[in-house]
Amino acid sequence: MTAPQELRVDGARLWRRLEALGEVGAVHGPNGERGNARLALSDADRQGRDLVVGWMRDIGGHVSIDAVGNVVAVWPGTDPSAAPVMMGSHIDTVRTGGWFDGNLGVLGGLEVVETVLGSGTRLRHPLAVAFFTNEEGARFQPDMLGSLVYVGGMALEEALDVQAADDEARLGDELQRIGYAGPLPCPAAGAPRAFVELHIEQGPVLEDESVTIGAVTGVQGISWTELTLTGQSAHAGTTPMRLRRDPGVVAAAVVSGVRAIATEMGGSQVATVGRLEFHPNLVNVVPASVTLTVDLRNTDEELLRQAEARFQQLLSDAAAAEGVDVRQRTLARFEPVEFDPEMIQLVDDTARRLGHSVMRMPSGAGHDAQMMARVCPTSMVFVPSVNGLSHNIAEYTHPADIEAGANVLLQVVLTLAAVESGA
Ligand code: HGY
Ligand code: MN
Ligand code: MN
């Protein structure tokens, strides 16, 4: 029997599962890109859920579904009283998503379990693999909603009443519709022994530094705001400029203004207007209203607050100058999270033991791990994104890097789950 520290995953088997899940809600680009569109609780998301739950059961997992649709599969250890070592992520995607964002953390976890089961290695702690509902926050806000409810950070009833940004569908109704309104209560009873999430970096750092593994130190703070700007709809030809109250002008000031704030602040500050909708959106009508979203992030909470304050100032100045009314709604607001130092060290040491280059780095993207860190020791394993691309159907990570990340995940989990002697 292979010594536990010599165990390695079956990279080809993991890649086959990534490909199979990648065919659910497949999006094909003009240059051969193969992406995914599986917005949370859509029919495509249900199909993806059914496929992954089937794999969980195929390898003997006991699958449970909670009231917000989080799915957790568990494989027993030798000590029934021991808390599970949990791996996982999400399988919902943005509308222009890729094969790897989230999916790698869930299918990498399944690959680890299948490798352990196949080796006959006995572990004291159970192993668990989870996928959480609506991590992306593209259809329902906030993002990381399922894991937030799982750890008690958002009331279940509040989550079930969230309305979708696009079609105002109610989250709880969509859960019922796709058959994933589970029986288990939220928040979850009992915390895992630890949580480890394998994920693509989704940025350019590892690739630029030619490093294979990222030992993730934490997640930056996130601030999402939805603005509804209301002016006076009027004829584009007959209305003198001096009489206009054009919300489009204020929206334009916000788009360029938040870019200027991030550029001036530098460091890790980023700013994005990702959604911008004019109403009635017609060539010859001064818009009545404009709805847009502002995404601000920083690794430092104080700096993030400064960015928010500067954004609010530019918004009120521009709205006052144009006589436009502003309504705003916070869609998400999470402070920066630091992961457990011992967990970060374990990822770092394990990657080096396996002979991989490794660097410590914060995550620019939000992840379920930032919620799990509230209840148990947590860290993440990053692998490089080609051209730093993600939330783009061209998202890609080389198979060798996928395999390297899964092997680091495997060995980290074996350490945490405590191999039984004579196993
Ligand atoms: O927005 C994020 O960072 C994550 O993809 N939900
Ligand atoms: Mn993700
Ligand atoms: Mn994502």
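The structure we're discussing is the one just above.
Residues numbered from 1 in each chain as written. Chains lettered and ligands numbered in written order. Predicted model: local features only at pLDDT ≥ 70, side-chain atom pairs only at ≥ 80, totals over all residues. Heavy atoms only, no water.

Engineer: Tell me about the nonpolar core, residues and numbers included.
Structural biologist: V52, M56, M86, L110 and L171 are the most contacted members of the largest nonpolar core, which totals 105 residues. The dominant element in this core, judged by the number of residues it contributes, is helix 12 (residues 399-417), at 11 residues. Of the domains in this structure, domain 1 (4-219 + 336-417) and domain 2 (221-334) are the two that each give at least three residues to this core. Formed by 19 residues, the second largest nonpolar core is a distinct cluster that contains L229, V250, V258 and V324. (Core = buried A, V, L, I, M, F, W, Y, C linked by side-chain atoms within 4.5 Å. Buried < 20%, exposed > 50% of the residue type's maximum accessible area, 1.4 Å probe, protein only. Helix = DSSP H or I, 4+ residues; strand = E, 2+ residues; numbered from the N terminus. Domains from an automatic or database assignment.)

Engineer: How would you summarise the packing of aromatic side chains if you had to cite specific residues and measurements?
Structural biologist: The relative placement of two aromatic rings is captured by the distance of their centres and the angle of their planes. All told, the structure shown has seven aromatic pairs when counted by the stated rule. Judged by centre distance (5.9 Å) and plane angle (90°), the ring pair of F100 and Y396 falls under edge-to-face. Note that F100 is positioned in the loop between strand 5 (85-89) and helix 3 (103-119) and Y396 in the loop between strand 18 (378-383) and helix 12, a separation of 296 residues in sequence. A residue is classified by how much of its surface remains accessible, and F100, at 1% relative accessible area, is buried. What links up through ring pairs into an aromatic cluster is the set W15, W99, F100 and Y396. Above the face of the W55 ring, R17 is positioned so that its terminal group lies 5.4 Å from the ring centre. Across the ring face of Y180, the terminal group of R49 is positioned such that the distance to the ring centre comes to 4.9 Å. (Phe/Tyr/Trp six-rings, centres within 6.5 Å; stacked < 30°, edge-to-face > 60°. Lys NZ or Arg CZ within 6 Å of the ring centre and 35° of its normal.)

Engineer: Please set out the coordination of the manganese ion (ligand 2) residue by residue, giving values where relevant.
Structural biologist: Distances from the manganese ion (ligand 2) to its protein donors, H90 (NE2), D101 (OD) and H199 (NE2), fall within 2.1 to 2.3 Å. If you look at the manganese ion (ligand 2) and the manganese ion (ligand 3), they sit 3.6 Å from each other and are both ligated by D101. Of the two residues, H90 is situated in the loop between strand 5 and helix 3 and H199 in strand 7 (residues 194-200); the sequence distance between them amounts to 109 residues. Look at H90 and you get buried, because its relative accessible area is 0%. (Donors = N, O, S within 2.8 Å, 3.2 Å for Na, K, Ca; no water.)

Engineer: Run through a nonpolar patch on the surface, naming residues and quoting values.
Structural biologist: A cluster of nonpolar side chains, contributed by V255, L276 and F278, occupies part of the molecular surface with about 220 Å² of accessible area. Relative to the helices and strands, L276 is located in strand 12 (residues 276-279). For L276, a relative accessible area of 42% gives the class partly exposed. (Patch = residues over 30% accessible without salt bridge, like charges linked within 9 Å, V, L, I, M, F, W, Y side chains within 5 Å. Areas by Shrake-Rupley, 256 points an atom, 1.4 Å probe, with all protein chains shown as cover. Salt bridge = Lys/Arg side-chain N within 4 Å of Asp/Glu carboxyl O.)

Engineer: I'd like a rundown of the pattern of salt bridges, residues and numbers included.
Structural biologist: Counted according to the given criterion, the structure contains 25 salt bridges. Between R275 and E226 there is a salt bridge; the shortest N-O distance is 3.1 Å. Taken together, the residues span a long stretch of sequence, with R275 in the loop between strand 11 (270-272) and strand 12 and E226 in strand 9 (residues 221-230) at a distance of 49 residues. Between R360 and D348 there is a salt bridge, with its nearest N and O atoms 2.8 Å apart. Taken together, the residues span a long stretch of sequence, with R360 in strand 17 (residues 358-363) and D348 in helix 10 (residues 341-353) at a distance of 12 residues.

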